[in-house]
Amino acid sequence: MAFFHALIRTHHITSRKKVAHLRKAAGQLDCYALLRSGGCPGIMYCKGSEEAVKGWVSTVQGLRYKDFHLASKPALIETKSAQISDPTGLFEVETVKEFAAAMEKRGISKWWEQAMGFS
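Anyway, here's the lowdown on the structure attached to this text. The structure presented is a predicted model; accordingly, all values stated were derived computationally and were not measured. (Residues numbered from 1 in each chain as written. Predicted model: local features only at pLDDT ≥ 70, side-chain atom pairs only at ≥ 80, totals over all residues. Heavy atoms only, no water.)

1. Section: the overall build of the protein chain
Moving on, step 1. A count of helices and strands for the protein chain gives four helices and five strands.
Moving on, step 2. Listing every helix and strand of the protein chain by position from the N terminus yields β-α-β-β-α-β-β-α-α.
Moving on, step 3. Relative to a compact globule of 119 residues, whose C-alpha radius of gyration would be 14 Å, the protein chain shows 13 Å and is just as compact.
Moving on, step 4. By principal-axis analysis of the C-alpha atoms, the protein chain measures approximately 35 × 30 × 20 Å.
Moving on, step 5. Evaluated residue by residue, the protein chain yields a buried proportion of 45% over its 119 residues.
Moving on, step 6. If the 17 positive side-chain charges of the protein chain are averaged to one point and the 11 negative ones to another, these points end up 5 Å apart. (Helix = DSSP H or I, 4+ residues; strand = E, 2+ residues; numbered from the N terminus. Rg over C-alpha atoms; globule rule 2.2 N^0.38 Å. Buried < 20%, exposed > 50% of the residue type's maximum accessible area, 1.4 Å probe, protein only. Lys, Arg positive; Asp, Glu negative; His and termini not counted. Charge placed at Lys NZ, Arg CZ, Asp CG, Glu CD.)

Okay, here's the thing in structure tokens:
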């Protein structure tokens, strides 16, 4: 199976009600989602089938996050190391540093840095 991914940036992610909605959506869509929550900036990464990733992006848009920005549209993952399956569900980290480490672990740190405007 080919995996797709997308990256979303928002002003912040603090609403536990919205996070619960996203957790439910990740399970229903059978995708992996990683959130940097608890403050500014809010960052969301999603990985799964093309349909699941597009569904995730639509769900996030529907929650009307402040300063929603689709930093990287749903696209096929091009690195082989990132084609490894991740567990289904929503996972959270508290810092941008932890989020960056998760991207590094998946072999997509250059993609993430470009999408975030770091390089």
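That covers the picture; the talk isn't over yet.
2. Points about unusual backbone geometry
Moving on, step 1. Cis peptide bonds are those with omega within 30 degrees of zero, and the linkage from Cys40 to Pro41 qualifies with -10°.
Moving on, step 2. Among the structural elements, Pro41 can be located in the loop between strand 2 (32–36) and strand 3 (42–48).
Moving on, step 3. A positive phi is found at Arg64, a non-glycine position, where the angle reads about 55°.
Moving on, step 4. Structurally, the position occupied by Arg64 is in the loop between helix 2 (50–62) and strand 4 (69–76).
Moving on, step 5. The exposed category is assigned to Arg64, whose relative accessible area is 72%.
Moving on, step 6. The backbone of Asp67 shows a phi angle near 55°, a positive value even though the residue is not glycine.
Moving on, step 7. In this fold, Asp67 is placed in the loop between helix 2 and strand 4.

3. Brief notes about the state of the cysteines
Moving on, step 1. Within this structure, the stated rule accounts for zero disulfides.
Moving on, step 2. Here Cys31 is not cross-linked by a disulfide; its sulfur's nearest cysteine counterpart is in Cys46, at 3.7 Å.
Moving on, step 3. Cys46 sits in the buried class, given a relative accessible area of 0%. (Disulfide = S-S within 2.5 Å.)

4. A short note on the pattern of salt bridges
Moving on, step 1. In this structure the tally under the stated criterion is five salt bridges.
Moving on, step 2. For Glu92, the salt bridge identified is with Arg16, shortest N-O distance 2.9 Å. Remark: Arg16 occurs in helix 1 (residues 16–29) and Glu92 occurs in strand 5 (residues 89–93); sequence separation between them is 76 residues.
Moving on, step 3. Residue classification places Glu92 among the partly exposed positions, given a relative accessible area of 29%.
Moving on, step 4. Notably, a salt bridge pairs Glu50 with Lys54, separated by 3.1 Å at the nearest N-O pair. Of the two residues, Glu50 and Lys54 both sit in helix 2, four residues apart, roughly one turn of that helix.
Moving on, step 5. Each of the salt bridges in this network shares a partner with another, and the network as a whole consists of Arg16, Arg23 and Glu92. (Salt bridge = Lys/Arg side-chain N within 4 Å of Asp/Glu carboxyl O.)

5. Remarks on the pairing of strand 2
Moving on, step 1. Burial runs high along strand 2: five of the five residues are buried.
Moving on, step 2. Burial along strand 2 is two-sided: Tyr32, Leu34 and Arg36 facing one way and Ala33 and Leu35 facing the other are all buried.
Moving on, step 3. Relative to strand 3, strand 2 runs antiparallel, the two being bridged by five bridges. In the sheet register, Leu35 faces strand 3, and the bridge partner there is Met44.
Moving on, step 4. Turn length for the strand 2-strand 3 hairpin, with the two strands adjacent in sequence and antiparallel, is five residues, and the turn residue Gly38 shows positive phi of about 105°.
Moving on, step 5. Where strand 2 and strand 5 come together, five bridges link them in parallel fashion. The residue of strand 5 that forms the bridge with Tyr32 is Gly89. (Pairing = 2+ DSSP bridges.)

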